[in-house]
Amino acid sequence: MRRGRLGYGVCTLILCGMISWAGAFEARADLGELGGPAFSEGDYIAAVETGVHPVYVSMDSYDILREVSQGEAYTILCDEGNGWMEIQVGSGVGYLSVTEEGISVVERAELEASEAAAAAEVLRQVDIANSRRQELVNYALQFLGGRYRAGGNDPHTGADCSGFTKYVMQNGAGVSIARSSASQSLQGADVSADQMRPGDLIFYGNGSRINHVAMYIGDGQIIHASTYKTGIKISPWNYRAPVRIKNVLGD
């Protein structure tokens with residue numbers, strides 16, 4: 001195992017955490033090319049795909065500076081040969097063997113392109129979710145003014161609060177939920193008032209006992225099968241104090 005001089009420089013960890021490297025790893029550099037005239041500090045990244053790996057204090061010591069883990073990536077300062085790289089680590093430098101299984105050397109430009117593509121995909125998925133939710137709201141609004149009917153399951157002929165939300169979720173979004181408001185309130189993920197989005201369900205009750213459900217449609221409003229007198233109507237979301245808010249759409 002080759003060990004030589006102690007490197008120099010000020011280093012910073014550039015990336016860590018929940019990052020997908022799949023696209024960038026396909027562009028793994030040829031280690032034999034890194035030390036040539038084309039190599040310049042910061043052009044390449046040591047990316048940890050799997051496992052935990054030691055970073056040494058120097059190349060003539062077995063003292064470990066720290067360990068690097070899956071999802072982390074470090075700027076390469078210098079190719080020391082034989083697969084050893086001087087990398088930026090915190091406020092100093094360390095030495096990492098990139099010949100170990102689970103570590104890839106990636107061109108920085110390729111990594112940045114991969115990250116940009118991943119960010120664009122996240123935005124695309126958000127747009128899809130928002131569009132799906134607006135379509136659900138539009139579907140529910142067609143029943144505005146419909147009849148309230150205790151035990152009713154179809155807003156075309158009359159529905160109660162949970163019959164309405166169950167019908168709208170099933171037929172407007174393809175999501176099956178329970179029949180009663182109490183049971184519906186146990187499904188999906190809890191959402192805070194400042195996080196709720198159109199399509200989320202809002203539950204009301206006496207104390208902790210759920211006795212009514214509505215669907216949020218945005219702009220501080222809900223649509224719900226309210227009473228025999230008013231039927232299916234729009235109200236402010238906080239016309240009563242909500243007991244629980246739920247996302248049952250799974251996005």
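That block above? That's the structure.
Residues numbered from 1 in each chain as written. Predicted model: local features only at pLDDT ≥ 70, side-chain atom pairs only at ≥ 80, totals over all residues. Heavy atoms only, no water.

Visitor: Mind showing me how you'd approach the environment of Ala47 here?
Guide: Locating Ala47 in the fold gives a position in strand 1 (residues 44–48). Distance from Ala47 to Ser104, taken between C-alpha atoms, is 5.3 Å for residues 57 residues apart in sequence. (Helix = DSSP H or I, 4+ residues; strand = E, 2+ residues; numbered from the N terminus.)

Visitor: Explain the sheet that holds strand 13 (residues 221–227) to me, please; I cannot follow it from the model alone.
Guide: Two pairing modes exist for strands in a sheet, parallel and antiparallel, and in both the strands are linked by backbone hydrogen bonds. The 6 strands lie next to each other as 10-15-11-12-13-14, forming an open sheet whose pairing is antiparallel. Strands with a single pairing partner mark the edges of an open sheet, and in this sheet they are strand 10 (189–190) and strand 14 (231–236). Bridge count for strand 11 (residues 201–206) against strand 12 (residues 209–218) is 6 bridges, and the pairing is antiparallel. Across the sheet, Asn206 pairs through a bridge with Arg209, a residue of strand 12. The strands that helix 2 (residues 108–141) touches are strand 12, strand 13, strand 14 and strand 15 (242–247); relative to strand 12, the one it contacts most, it runs at about 110 degrees. Where helix 3 (residues 161–173) meets the sheet, its contacts fall on strand 11, strand 12, strand 13 and strand 14, and the angle it forms with strand 12 comes to roughly 45 degrees. (Pairing = 2+ DSSP bridges. Contact = heavy atoms within 4.5 Å. Axes fitted to C-alpha atoms, helices over the stretch in contact; angles between N-to-C directions.)

Visitor: In this structure, what is going on with the environment of Ala178? I would like to understand it.
Guide: Among the secondary structure elements, Ala178 is positioned in the loop between helix 3 and helix 4 (181–184). On the accessibility criterion, Ala178 (22% relative accessible area) is partly exposed. In contact with Ala178, other than residues within four places in its own chain, are Lys166, Ser183, Gln184 and Gln187. (Buried < 20%, exposed > 50% of the residue type's maximum accessible area, 1.4 Å probe, protein only.)

Visitor: What am I meant to see in the pattern of salt bridges here?
Guide: When the charged atoms of two side chains lie near each other, side chains of opposite charge can form a pair. Considering all chains together, one arrives at 7 salt bridges under this definition. In this structure, Arg133 engages Asp200 in a salt bridge whose closest nitrogen and oxygen atoms are separated by 3.1 Å. Taken as a pair, Arg133 in helix 2 and Asp200 in the loop between strand 10 and strand 11 lie far apart in primary sequence, 67 residues in all. The buried category is assigned to Arg133, whose relative accessible area is 1%. (Salt bridge = Lys/Arg side-chain N within 4 Å of Asp/Glu carboxyl O.)

Visitor: Please explain the packing of aromatic side chains as it appears in this structure.
Guide: Centre-to-centre distance and the angle between the planes together describe a pair of aromatic rings. Evaluation of the coordinates by the stated rule reveals 6 aromatic pairs. On the basis of an interplanar angle of 55 degrees and a centroid distance of 5.8 Å, the ring pair of Tyr56 and Trp84 is categorised as tilted. Of the two residues, Tyr56 is situated in strand 2 (residues 52–56) and Trp84 in strand 5 (residues 84–89); the sequence distance between them amounts to 28 residues. For the pair Tyr56 and Trp84, one class covers both residues: buried. Measuring from ring centre to ring centre gives 5.9 Å for Phe143 and Tyr167, while their planes differ by 85 degrees; the resulting arrangement is edge-to-face. Of this pair, Phe143 sits in the loop between helix 2 and strand 8 (153–154) while Tyr167 sits in helix 3, and the two are 24 residues apart along the sequence. Across the pair, exposure class does not vary: Phe143 and Tyr167 are buried alike. Among the aromatic residues, those joined into a ring-pair cluster are Tyr139, Phe143, Phe164 and Tyr167. (Phe/Tyr/Trp six-rings, centres within 6.5 Å; stacked < 30°, edge-to-face > 60°.)

Visitor: What is the right way to look at a nonpolar patch on the surface in this model?
Guide: Among the surface-exposed residues, Leu141, Leu144 and Ile234 lie close enough to one another that they form a single nonpolar patch of about 210 Å² accessible area. Relative to the helices and strands, Leu141 is located in helix 2. With relative accessibility at 31%, the residue Leu141 sits in the partly exposed group. (Patch = residues over 30% accessible without salt bridge, like charges linked within 9 Å, V, L, I, M, F, W, Y side chains within 5 Å. Areas by Shrake-Rupley, 256 points an atom, 1.4 Å probe, with all protein chains shown as cover.)

Visitor: How should I be thinking about unusual backbone geometry in this particular structure?
Guide: Unlike most non-glycine residues, Asn82 shows phi in positive territory, near 55 degrees. Note on placement: Asn82 falls in the loop between strand 4 (73–81) and strand 5. Relative accessible area serves as the criterion here: at 57%, Asn82 is assigned to the exposed category. One non-glycine residue, Asp219, lies in the positive phi region at around 55 degrees. As for its placement among the helices and strands, Asp219 is situated in the loop between strand 12 and strand 13. A residue is classified by how much of its surface remains accessible, and Asp219, at 78% relative accessible area, is exposed.

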